[in-house]
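Given next are the chains, with one letter for each unit.
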Amino acid sequence: MSPILSNIYLDKLDRFVEEVLCSAYNRGERRRINPPYVRLRDQRQRLKKRGHSEEARALFQQMQRLPSLDPADPDYRRLRYVRYADDTLLGFSGPKHEAEEIKRRLKDFLRQDLKLELSEDKTLITHATSQAARFLGYEIAVLNDDVKRDGRGYRSINGQIGLTVPCDVAQNACKRYLQHDKPVHRTELLHNAAYDIVVQYQAEYRGLVQYYQMVYNLHRFNRLKWVMEQSLTKTLAHKGRVSVDTVYERYRATLQTEYGTSPGLRIVVERGEGKRPLVATWGGIPLRRQMTAILTDQPSPTYAGRSELVQRLLADHCELCGSRESIQVHHVRALKDLRKAGRPERPAWVRVMAARRRKTLVVCRDCHAAIHAGRPTRRDSAE
């Protein structure tokens, strides 16, 4: 509900910025031509007409080190505003003292009209060409590179907005799969099927990478892909009690992408006659920038089938004695609790849970009470 409530309450802020601040600070159609750039351009044209190509080329190189439009044009200002829930970003083309004035007016409006306080630690004024603003997990900056040219030899990216992945995003994502800076298996997934393990890793990797598919430095996820693949193969190796090389021999595959083939892993689960097999893949997600990508915070809903525990409850019978009266679920904190040292003989419920490698057991009320009281269950008595 937080985004909805934010949109309702901060509607007044939107109106204030659009109707008051933007109308007060926006002026001019476009920046004027930079006078030093114009002088060099005119000199270059005169030299070219006279046939002095070498001198004209030298002037062109000087021109490429100057902005073609005047960045300090006093008759040009632009203020842009975007808000997502309670996160806001304002882009302003103008002097710093005017940016500080805009911040002060925002602070006064929030305090007086909305009874909110502007966080001084989070509300920063950054120079877009030398620093980056953090917004919704992205870093946003103005690009400036005199070396980058188009086919005609002109500068092609100066003054444009660039999106990048912050350094700490990829680093923090790797930590989940590392121990002492080395990729490790994930113990909590060892009880899942190999198909489910691959699906889990692929979903985690895809969710992060595709959120940042509009950035131009996607290469920062190269290490994350390697770390996750090492963790995945080690998890599958621990589950199957085989080596990592054996995992690659079993599941190595060549995946087809829109940019060509890519090495990866594939697990196929046959489902019998008339049914298409289940296929889980790892990899096949190219780290290529998608400038026209559309990010949505409302993905289509996914309806999963009933879990194994729900199916066992729906069976409505005790997994120890077969009774159908007052069915309940017994839980243990961890499977290692079933192998406590010093226990002379394991009761039937411990043996059943250990054999199934499950932390839950569906039992009737009498068996459940006997388990907690340490008494023999009906199955123990029968054995």
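Residues numbered from 1 in each chain as written. Predicted model: local features only at pLDDT ≥ 70, side-chain atom pairs only at ≥ 80, totals over all residues. Heavy atoms only, no water.

What follows is about the packing of aromatic side chains. Aromatic rings in a pair are described by how distant their centres are and how their planes are angled relative to each other. Summed over all chains, the structure comprises eight aromatic pairs. Between Y138 and Y212, the ring centres sit 5.0 Å apart and the planes meet at 45°, which makes this aromatic pair tilted. Note that Y138 is positioned in strand β4 (residues 138-142) and Y212 in the loop between α7 (194-211) and α8 (222-240), a separation of 74 residues in sequence. Y212 shares its class with Y138; the two are buried. Note on Y205 and W282: the rings are 5.3 Å apart at their centroids and 55° apart in plane angle, and the pair reads as tilted. Note that Y205 is positioned in helix α7 and W282 in strand β10 (residues 278-282), a separation of 77 residues in sequence. (Phe/Tyr/Trp six-rings, centres within 6.5 Å; stacked < 30°, edge-to-face > 60°. Helix = DSSP H or I, 4+ residues; strand = E, 2+ residues; numbered from the N terminus. Buried < 20%, exposed > 50% of the residue type's maximum accessible area, 1.4 Å probe, protein only.)

Our next topic: the sheet that holds strand β9 (residues 260-269). Adjacent strands of a sheet pair through backbone hydrogen bonds, lying either parallel or antiparallel. Spatially, the three strands line up as an open sheet ordered β8-β9-β10, and their pairing is antiparallel. Two strands in the sheet have a free side with no partner beyond their single neighbour: β8 (252-257) and β10. Each strand axis lies, on average, 50° off the axis of its neighbour in the sheet, ignoring direction. Direction of pairing for β9 relative to β10: antiparallel, over a ladder of five bridges. The residue of β10 that forms the bridge with R266 is T281. Along the sheet face, α7 touches β9 and β10 and points at about 50° away from the line of β10. (Pairing = 2+ DSSP bridges. Axes fitted to C-alpha atoms, helices over the stretch in contact; angles between N-to-C directions. Contact = heavy atoms within 4.5 Å.)

Along the chain, S323 turns up in the loop between α10 (308-315) and β11 (328-331). Of the residues examined, S323 reaches a relative accessible area of 14% and is grouped as buried. Side-chain polar atoms of S323 contact the backbone nitrogen of E325, separated by 3.3 Å. Once residues lying within four places of it in the same chain are set aside, the contact partners of S323 are D316, H317, C318, C364 and R378. (Polar contact = N/O pair within 3.5 Å; in protein donor to acceptor, adjacent residues only side chain to side chain.)

Turning our attention to the pairing of strand β1 (residues 78-84). Alignment of β1 against strand β2 (residues 87-93), held across seven bridges, turns out to be antiparallel. Considered in β2, the bridge of Y84 is made with D87. Counted between consecutive antiparallel strands, the loop separating β1 from β2 contains two residues, among which A85 sits at a positive phi close to 55°.

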